[in-house]
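The chain contents come next:
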Amino acid sequence: MRYKKTHRFGPIESLETGRGYFGPPPVKVHSFFVDGLLIDTGPPNAKAALLDWLADKNLQQIFVTHHHEDHSGNVKVIQNQYNVEAYSSVLCTDLVKGKVQTSIPQLLFWGRPEYIDTLTPIQKDVFETPNHRFALIPIPGHAPDQLALYEKEQGWLFSADAFVSPVIKYFMKKESMAEQIQSLKRLLALDFEWLLCCHKPLLKGGKYQLQQKCNFLEDYYGQVVFYHQKGHSAGSILSLMGKKELWFQKLLSQNNLSAINMVHSVLRDEAKKQLINPS
Ligand SMILES: [Zn+2]
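Residues numbered from 1 in each chain as written. Predicted model: local features only at pLDDT ≥ 70, side-chain atom pairs only at ≥ 80, totals over all residues. Heavy atoms only, no water.

Caption draft 1: Spatial organisation of the overall build of the protein chain. The number of helices and strands found in the protein chain is 10 helices and 14 strands. Dimensions of the protein chain, computed from the C-alpha atoms along their principal axes, are close to 60 × 40 × 35 Å. Of all 279 residues assigned to the protein chain, the portion counted as buried reaches 55%. Counting only contacts in the protein chain whose residues sit at least 6 apart along the sequence, the fraction spanning at least 24 positions is 66%. Carbon and sulfur atoms provide 53% of the accessible area of the protein chain, an area that totals close to 13,500 Å². One finds the centroid of the 31 positive side-chain charges in the protein chain at a distance of 7 Å from the centroid of its 27 negative side-chain charges. (Helix = DSSP H or I, 4+ residues; strand = E, 2+ residues; numbered from the N terminus. Buried < 20%, exposed > 50% of the residue type's maximum accessible area, 1.4 Å probe, protein only. Contact = heavy atoms within 4.5 Å. Areas by Shrake-Rupley, 256 points an atom, 1.4 Å probe, with all protein chains shown as cover. Lys, Arg positive; Asp, Glu negative; His and termini not counted. Charge placed at Lys NZ, Arg CZ, Asp CG, Glu CD.)

Structure, rendered in structure tokens:
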């Protein structure tokens, strides 16, 4: 089942897309449009919906928050039809030129990531449209190249995938929990009204839910360190914490999406900390 729905949040429009096989899509993704700017281009398999949605808009520029295919998936398709620049962080422009790691569930739900060599790296920490000025805030952790766009005057925070949900059940292989916690604290220090998350935009209570996620990850991190210091393995830490592995997803994704990745992420972050600051 192909899902698509349009939304309007004041002057911001969004297209929400997703794909389900045994009912509604398990994950949906928003692309936002405001003041001639498209923020994120949706997954590759939503290209027809994206192009259709853009048809009556005055598209002037594109911003890609990070390299994952549900955000960068249609840059080239759109640029083939519109003569517009697409911007992203310097690291993102490199990552989309390499092989974006994917897995069977991601291929099924998003489609195949494409090679993109047309992104323009942005070196500044602000991005402008005719009527708005967005501060670009580095929020690594979920992805190393991820940027948030913050429009201070309007109180809009386009948080890419920094939020998604207050409780997280699995990580991708390369995510860093320590960096995610730092990034969330960076966002929590901002004064914003609307949390324009690509998977769950919140016009009310966004800051509270973002704080909930930060608390959840800090607590999770602390528990992993506690059990690790007692000598437990990653697998036994997960069960001592009362968490369950998502076996079907783990096997189907060849370990790219799993609960144990969250424990490994903390152990990696701690090992890195020890290297920088040996005790
Ligand atoms: Zn992502």
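Caption draft 2: Here's a closer look at helix α6 (residues 177–188). Taking 1.5 Å of rise per residue, 12 residues should cover 16 Å, and α6 covers 16 Å from first to last C-alpha, within 8% of that figure. The set of residues buried in α6 consists of Met-177, Gln-180, Ile-181, Ser-183, Leu-184, Leu-187 and Leu-188. Down the axis, α6 shows its buried residues gathered within 165 degrees of arc, on one side only. Between the side-chain oxygen of the N-cap and the backbone nitrogen of Glu-179 there are 3.1 Å, and the N-cap of α6 in question is Ser-176. (Expected span 1.5 Å × (residues − 1). Arc of directions from axis to C-beta. Polar contact = N/O pair within 3.5 Å; in protein donor to acceptor, adjacent residues only side chain to side chain.)

Caption draft 3: Summary view of the nonpolar core. Counting residues in each nonpolar core, the largest one holds 39 residues, and the members touching the most others are Leu-157, Met-177, Leu-187, Leu-210, Tyr-220, Val-224 and Val-263. Of all the secondary-structure elements, those providing two or more residues to this core are β10 (147–151), β11 (156–160), α6, β13 (194–197), α7 (206–229), α8 (234–240) and α10 (260–276). The biggest single contributor to this core is α7, with 9 residues. Setting aside chain neighbours within four positions, we find Leu-187 in contact with Ile-137, Ile-139, Ala-148, Leu-157, Ser-159, Ala-162, Phe-192 and Leu-210. Phe-33, Ala-49, Leu-59 and Cys-92 belong to the second-largest nonpolar core, a separate cluster that totals 21 residues. (Core = buried A, V, L, I, M, F, W, Y, C linked by side-chain atoms within 4.5 Å.)

Caption draft 4: Broad picture of the side chain of Gln-61. Assignment of secondary structure puts Gln-61 in strand β5 (residues 61–63). Exposure remark for Gln-61: the relative accessible area of 13% places this residue in the buried category. Looking at Gln-61, its side chain comes within polar contact range of the main-chain oxygen of Glu-128, at 3.0 Å. Among residues more than four places away in sequence, those in contact with Gln-61 are Gly-36, Leu-37, Leu-38, Val-84, Glu-85, Tyr-87, Phe-127, Glu-128 and Thr-129.

Caption draft 5: Summary view of the sheet that holds strand β1 (residues 2–9). In spatial order, the strands read β1-β2-β3-β4-β5-β6-β7; together these 7 strands make up an open sheet with mixed pairing. Two strands close off the open sheet at either side, each with one partner strand: β1 and β7 (119–121). Sheet twist, expressed as the mean angle between neighbouring strand axes with direction ignored, is 25 degrees. Inspection of the sheet shows strand β6 (residues 85–88) paired to β7 by 3 bridges, in the parallel sense. Across the sheet, residue Ala-86 finds its bridge partner in β7, namely Leu-119. Sheet strands in contact with helix α1 (residues 47–54) are β1, β2 (12–19), β3 (28–34) and β4 (37–39), and its direction is about 160 degrees off that of β2. (Pairing = 2+ DSSP bridges. Axes fitted to C-alpha atoms, helices over the stretch in contact; angles between N-to-C directions.)

Caption draft 6: Spotlight on the coordination of the zinc ion. In this structure, His-66 (NE2), His-68 (ND1), His-142 (NE2) and Asp-161 (OD) serve as the protein donors to the zinc ion, at separations of 2.1 to 2.3 Å. Geometry at the zinc ion is irregular, judged from its 4 donor atoms and the angles of 89 to 176 degrees they form at the metal. In the primary sequence, the donor residues of the zinc ion line up as H-x1-H-x73-H-x18-D. Separated by 76 residues along the polypeptide, His-66 in the loop between β5 and α2 (69–72) and His-142 in the loop between β9 (133–138) and β10 bring together distant segments of the chain. Each member of the pair, His-66 together with His-142, is buried. (Donors = N, O, S within 2.8 Å, 3.2 Å for Na, K, Ca; no water. Tetrahedral: all angles 85-135°; square planar, octahedral: opposite > 155°, others 65-115°.)

Caption draft 7: Layout of the environment of Lys-5. Note that Lys-5 resides in strand β1. With relative accessibility at 44%, the residue Lys-5 sits in the partly exposed group. The spatial distance from the C-alpha of Lys-5 to the C-alpha of Leu-196 is 16 Å, given a sequence separation of 191 residues. Leave out the neighbours within four places in its chain, and Lys-5 touches Ser-14, Leu-15 and Glu-16.

Caption draft 8: Inspection of the pairing of β9 at higher detail. Sheet analysis places strand β8 (residues 126–128) next to β9, joined by 3 bridges and oriented antiparallel. In the strand pairing of β9, Glu-128 is matched with Arg-133. From the end of β8 to the start of β9, which pair antiparallel, there are 4 residues. The pairing of β9 with β10 spans 4 bridges and is antiparallel. Note that in β10 the partner of Leu-136 across the bridge is Leu-149.

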